[in-house]
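Summary of the model geometry
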Amino acid sequence: MTANPEQMLFTSTAQAFLEKEAPLSRVRQLHDEDTSFDAQWWGRAAELGWAGLLVPEDLGGGSVSGDGVADLALIAEQAGRTVAPGPLHPVSAVLAGLVEAPQGHEETIETLIAGETIASWATYEPKRPFAPTAPTVTATRTATGYRIDGVKDRVEAGDQAGLLLVVALLDGQPRQFLVATDATGVTVTAQKSLDLVKRYARVEFDGVAVEESAVVGAAEQTPAIIERQRQIALVLQCAETVGILDAVLAMTNQWLLDRNSFGRPLASYQALKHRFADMKMWFEAARATTTGAVAAVGARSKRAAFLVSVAKAYVGERAPVMLQDCVQLHGGIGVTWEHDLHLYLRRASLNRAMFGAPEDHHRAVFELSRRSQPEEARA
């Protein structure tokens, strides 16, 4: 993604931080320790401004370029290069919602920006696809606020989060509530994933009482707020995957240059040149569709939903295929535990599955394209 000088300095600082504090060796170490991420590490990342990029200055945030979505996507891309741990995605999704309706939540926003609190967006439900505006978790009005009942799962970093932004059905409409994970009636059970360090959680809400102030946004605002969060989550996913692809293609190209067969580098064989050229073309398309989606979301374009689905459909579909090709080009060493390729493949495969599979977004692209056509063109 294209960056201006300020963004380049910001991302180079992030790159240096990640290379020092979260290299691939650290990812393996966290896995060996059965840990997802170090909360103190996230606090240091927050000090660099990562958590405040989507938050306006009057709420304590701010971005380098004035376009927080673009700046955040650049950080996600850098994180992809080392498959970094940490709650960048869930915290950003929560803040994307809170800044749309910040009244009464200013203190929560402040603690999230500072890295003092970790929050996650609770949208998925057991045995159900991603459908944030159609929850089965319910919220019932009480004399002092609301009662939350039901189960969420696949809550990223849920076992380390202090707060959850829970989507629940209230009076037949989706609403969002801030719920503390240590509240009475909340049960959090860790869930491991394909990724070495990304964890999720199943969260049960059994008569959880929250105050009136826990609600985020009015009923008429909530669908638009959820859509904004969905778009942010998806562009971060795609940007991270672009960083993964960039790192793995560079790794594979170097391997082909260094490895000899019959006295000549593997990279000199025409069949492998053509195969790598195809992957390079797919990579540039992945980067271009992601850049378009980031720009549209940052500008709050009417085409944002369409371009986000274009990006997720393409990146989610092509990335695992490209990474499997890179594994094959490495030969036998590419399928070993000791080689780092599988760390990238795991993260890309996880990103493919979350917030809608490519097939879901292909259908969304078709439907949004159909709606945008004039009536006479469809006749």
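Residues numbered from 1 in each chain as written. Predicted model: local features only at pLDDT ≥ 70, side-chain atom pairs only at ≥ 80, totals over all residues. Heavy atoms only, no water.

**Looking at the overall build of the chain**
The condition is simple: Where helices and strands are cited, they refer to DSSP runs of H or I of at least four residues and of E of at least two residues respectively, numbered from the N terminus. Our radius of gyration is a C-alpha quantity, and the globule rule it is checked against amounts to 2.2 Å times the number of residues to the power 0.38. Three exposure classes are used, based on accessible area relative to the maximum for each residue type with a 1.4 Å probe and protein chains only: buried under 20%, partly exposed in between, and exposed over 50%. The criterion used for residue contact is that any of the two residues' heavy atoms lie within 4.5 Å. For accessible areas, the Shrake-Rupley method is used with a probe of radius 1.4 Å. Any residue's cover is judged against the shown protein chains and nothing else. When charges are tallied, Lys and Arg are placed among the positive residues and Asp and Glu among the negative ones, while His and the ends of the chain are skipped. Positions of charges follow a simple convention, taking NZ of Lys, CZ of Arg, CG of Asp or CD of Glu.
When its secondary structure is counted, the chain shows 12 helices and 10 strands. Taking 21 Å as the expected radius of gyration for a compact globule of 379 residues, we find that the chain reaches 21 Å, a close match to that expectation. With the C-alpha coordinates aligned to their principal axes, the bounding extent of the chain is approximately 80 × 60 × 40 Å. Within the span of the chain, comprising 379 residues, buried residues form 52% of the whole. Here the analysis covers contacts within the chain between residues at least 6 apart in sequence; of these, 74% occur between residues at least 24 apart. A total accessible area of about 16,600 Å² is found for the chain, and carbon and sulfur atoms account for 52% of it. Here the chain contributes 36 positively and 46 negatively charged side chains, and the mean placements of these two sets differ by 8 Å.

**Describing the UniProt feature "domain: Acyl-CoA dehydrogenase/oxidase N-terminal" (unreviewed entry) in the chain**
Here is the rule we go by: UniProt positions are given in the numbering used here, feature names are shortened, and annotations may be inferred rather than shown by experiment.
UniProt annotation of "domain: Acyl-CoA dehydrogenase/oxidase N-terminal" (unreviewed entry) refers to residues 5-87 when read in the numbering used here. Secondary structure across residues 5-87 comprises 59% helix and 0% strand; the distance between its end C-alpha atoms is 27 Å.

**As for the environment of Leu 112**
Position of Leu 112 among the secondary structure elements: in helix 6 (residues 106-113). The exposure class of Leu 112 is buried, given its relative accessible area of 0%. In this structure, the C-alpha to C-alpha distance between Leu 112 and Arg 264, residues 152 residues apart in sequence, is 54 Å. Once residues within four sequence positions are removed from consideration, Leu 112 is found in contact with Ala 51, Val 94, Leu 95, Leu 98, Thr 117, Ile 118 and Ala 119.

**A short note on the domain arrangement of the chain**
Which entries qualify depends on this criterion: These domain limits were set by an automatic method or by a database of domain assignments. What counts as buried area is the accessible surface, traced by a 1.4 Å probe, that two parts surrender upon association, with contributions from both included. Salt bridges are identified by distance alone: a Lys or Arg side-chain nitrogen within 4 Å of an Asp or Glu carboxyl oxygen.
Considered domain by domain, the chain is made up of domain 1 (5-117), domain 2 (120-217) and domain 3 (222-377). Computed over C-alpha atoms, the centres of domain 2 and domain 3 are 30 Å apart. At the junction of the two partners, domain 2 supplies 20 residues and domain 3 supplies 17 residues. Summing both partners gives a buried area of about 1,600 Å² for domain 2 against domain 3, and 71% of it is carried by carbon and sulfur. Sorting the residues of domain 2 by area buried against domain 3 places Trp 121, Leu 194 and Leu 196 first, and these three jointly supply 31% of that buried surface. On the surface where domain 2 and domain 3 come into contact, there are one salt bridge. If you list the elements that add at least two residues to the side of domain 2 that touches domain 3, you get strand 4 (163-170) and strand 5 (173-180). With three residues, strand 5 is the largest single contributor of residues to the side of domain 2 that touches domain 3.

**What to know about the pairing of strand 5**
Test applied: In short, DSSP must find at least two bridges between two strands for them to pair.
Most of strand 5 is tucked away: six of the eight residues are buried. With eight bridges connecting them, strand 4 and strand 5 associate as antiparallel partners. By the bridge assignment, Leu 164 is partnered in strand 5 with Val 179. Connecting strand 4 to the antiparallel partner strand 5 that follows it, the hairpin turn spans two residues, and Asp 171 within it adopts a positive phi of roughly 55 degrees.

**Quick word on the nonpolar core**
Operational definition: Residue types Ala, Val, Leu, Ile, Met, Phe, Trp, Tyr and Cys, when buried and joined through side-chain atoms within 4.5 Å, form a set referred to as a nonpolar core.
Ranked by internal contacts, the top residues of the largest apolar core, which has 119 residues, are Trp 42, Trp 50, Trp 121, Phe 177 and Phe 205. Counting residues per element, this core draws most heavily on helix 7 (residues 222-258), which supplies 16 residues. Ignoring any residue separated from it by four or fewer positions in sequence, one finds Phe 205 in contact with Ile 148, Asp 149, Gly 150, Lys 152, Leu 164, Val 166, Val 179, Gly 185 and Val 186.

**Notes on the pairing of strand 4**
Counted residue by residue, strand 4 has seven buried out of eight residues, so it is predominantly covered. Relative to strand 4, strand 1 (residues 119-122) runs parallel, the two being bridged by four bridges. Each residue of the ladder has a partner; that of Ala 119, found in strand 4, is Leu 163.

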